[in-house]
Amino acid sequence: YLKGALEVILPMCVSCIGNVSGEVVPLTAAAAERVQQHSTEMASEGLRVLAVACGLYPGQLILCGVVGLMDPLRENVVEAVHRIIDSGAKVMMITGDAEATAVSIAKLA
């Protein structure tokens, strides 16, 4: 099993779980695009998105799905950001999250 950023995991997959019965089907370009679009939608809602795959060899993996994790803002973050802005300092966000996730979280603060 393998988990990680979709942009890293997806290129290593040649098939995917195609339906609720667990049938493994080839990962077509259209299916990969649907997964990417769904991932972008989840990220734009502030979720951290991880892809999950299984298999023995990179380049021959089965995409099992994507998971969206909510990681709420820490207590007092909104107040701290407003204090910084009110002081005249420029606020910058450094993150390892996907851009859509970071933008969504920044809007909350």
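Residues numbered from 1 in each chain as written. Predicted model: local features only at pLDDT ≥ 70, side-chain atom pairs only at ≥ 80, totals over all residues. Heavy atoms only, no water.

Undergrad: What should I look at first to understand the overall build of the chain in this one?
TA: The secondary structure content of the chain amounts to four helices and five strands. Along the first, second and third principal axes, the C-alpha atoms of the chain reach 55 × 25 × 25 Å. Looking at the 109 residues of the chain, the share that counts as buried comes to 26%. When contacts within the chain are restricted to residue pairs at least 6 apart in sequence, long-range pairs at least 24 apart make up 53% of them. Surface accessibility of the chain: about 7,600 Å² in total, with carbon and sulfur atoms responsible for 59%. (Helix = DSSP H or I, 4+ residues; strand = E, 2+ residues; numbered from the N terminus. Buried < 20%, exposed > 50% of the residue type's maximum accessible area, 1.4 Å probe, protein only. Contact = heavy atoms within 4.5 Å. Areas by Shrake-Rupley, 256 points an atom, 1.4 Å probe, with all protein chains shown as cover.)

Undergrad: Just to check I follow, could you spell out the nonpolar core for this structure?
TA: Among soluble globular proteins, nonpolar side chains are generally buried collectively. Residues Leu10, Cys13, Leu27 and Leu63 are the most contacted members of the largest nonpolar core, which totals 13 residues. Put simply, the parts of the chain that give this core at least two residues each are helix H1 (6-9), strand E2 (13-17), helix H2 (29-44), strand E4 (47-54) and strand E5 (61-70). If you tally residues by element for this core, the top one is H2, at three residues. Leave out the neighbours within four places in its chain, and Leu27 touches Leu10, Cys13, Val14, Ser15, Cys16 and Ala32. (Core = buried A, V, L, I, M, F, W, Y, C linked by side-chain atoms within 4.5 Å.)

That is the geometry; function is a separate question.
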